[in-house]
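# Working through the structure, step by step
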Amino acid sequence: MRFFGTTWVDHDGGYGLRRAGVAVGSLAAAAAGCLVLRFAYQGLETAETGGFVNALVVVMFAVCSAIAFRKTWEGFARRPADPARDESLRSLRMIGFIGALLAYFFRSLTEAPGEKLRRGEYETALAQYEKRRSTRAGNPAARKNPKRNTKRK
């Protein structure tokens, strides 16, 4: 939601263009990340570290990207149950940044990433506000209080 401000509320103010820009930007960033990882892999081959280390690096990035994709995708639908556990996965998400970028890309094809979650929270807050606002009876000081009207002896 960081690129959308409040345009996601009414889908105005260039919302469609922003969504398209986020989709293209996240896909371009994922492609650039893959290119950087390819250079890193070529560096491992040049260093002749061996087949086991090369395979280990590939598997590590694949697993981290899959986990980062899943956690990012779940983060668009609901808040984490345990924020401390989610915070502990930050380094794993950084390693699997390509998965997180791809999740961002795929979600931006249908909506602003995180829009469904924020819209639900927004509508709940709006309903609570309307409920509080409708039960108000005006100026509380103008009300007649039966305890004040009793005469003292």
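Anything mentioned here points back to the structure above.
About the thresholds
- Residues numbered from 1 in each chain as written.
- Predicted model: local features only at pLDDT ≥ 70, side-chain atom pairs only at ≥ 80, totals over all residues.
- Heavy atoms only, no water.
- Phe/Tyr/Trp six-rings, centres within 6.5 Å; stacked < 30°, edge-to-face > 60°.
- Helix = DSSP H or I, 4+ residues; strand = E, 2+ residues; numbered from the N terminus.
- Buried < 20%, exposed > 50% of the residue type's maximum accessible area, 1.4 Å probe, protein only.
- Lys NZ or Arg CZ within 6 Å of the ring centre and 35° of its normal.
- Axes fitted to C-alpha atoms, helices over the stretch in contact; angles between N-to-C directions.
- Parallel < 35°, antiparallel > 145°, perpendicular 65-115°, else oblique.
- Left-handed = near helix turned anticlockwise from the far one by under 90°.
- Contact = heavy atoms within 4.5 Å.
- Nonpolar A, V, L, I, M, F, W, Y, C, P; charged D, E, K, R; others polar.

## Thoughts on the packing of aromatic side chains
Aromatic ring pairs are described here by two measures, namely the spacing of the ring centres and the angle between the planes. Evaluation of the coordinates by the stated rule reveals five aromatic pairs. Arranged with centres 5.8 Å apart and planes meeting at 10 degrees, the rings of Phe69 and Trp73 form a pair that is stacked. Highlighted residues: Phe69 and Trp73, both in helix α3 (residues 51–77), separated by four residues, approximately one helical turn. Here the aromatic rings of Phe76 and Tyr104 are separated by 5.9 Å at their centres, their planes lie at 55 degrees, and the arrangement is tilted. Of this pair, Phe76 sits in helix α3 while Tyr104 sits in helix α6 (residues 97–108), and the two are 28 residues apart along the sequence. Residue classification places Tyr104 among the buried residues on the basis of a relative accessible area of 16%. In textbook terms, an aromatic cluster arises when at least three aromatic residues are bridged by ring pairs, as seen for Phe69, Trp73, Phe76, Tyr104, Phe105 and Phe106. Residue placement shows Arg107 over the ring face of Trp73; its charged tip is 4.5 Å from the ring centre.

## Points about the packing of α3 against α6
Axis separation between α3 and α6 bottoms out at 7 Å; the angle between their running directions is 40 degrees. Between α3 and α6, the angle is such that the two are oblique. Every pair of crossing elements has a handedness; the one defined by α3 and α6 is right-handed. Along the contact surface, α3 presents Ser65, Ala68, Phe69, Thr72, Trp73, Phe76 and Ala77, while α6 presents Ile98, Gly99, Ala100, Leu102, Ala103, Tyr104, Phe106 and Arg107. In terms of residue class, the contact of α3 with α6 is built from eleven nonpolar, three polar and one charged.

Such coordinate-based values are descriptive only and should not be taken to indicate function.
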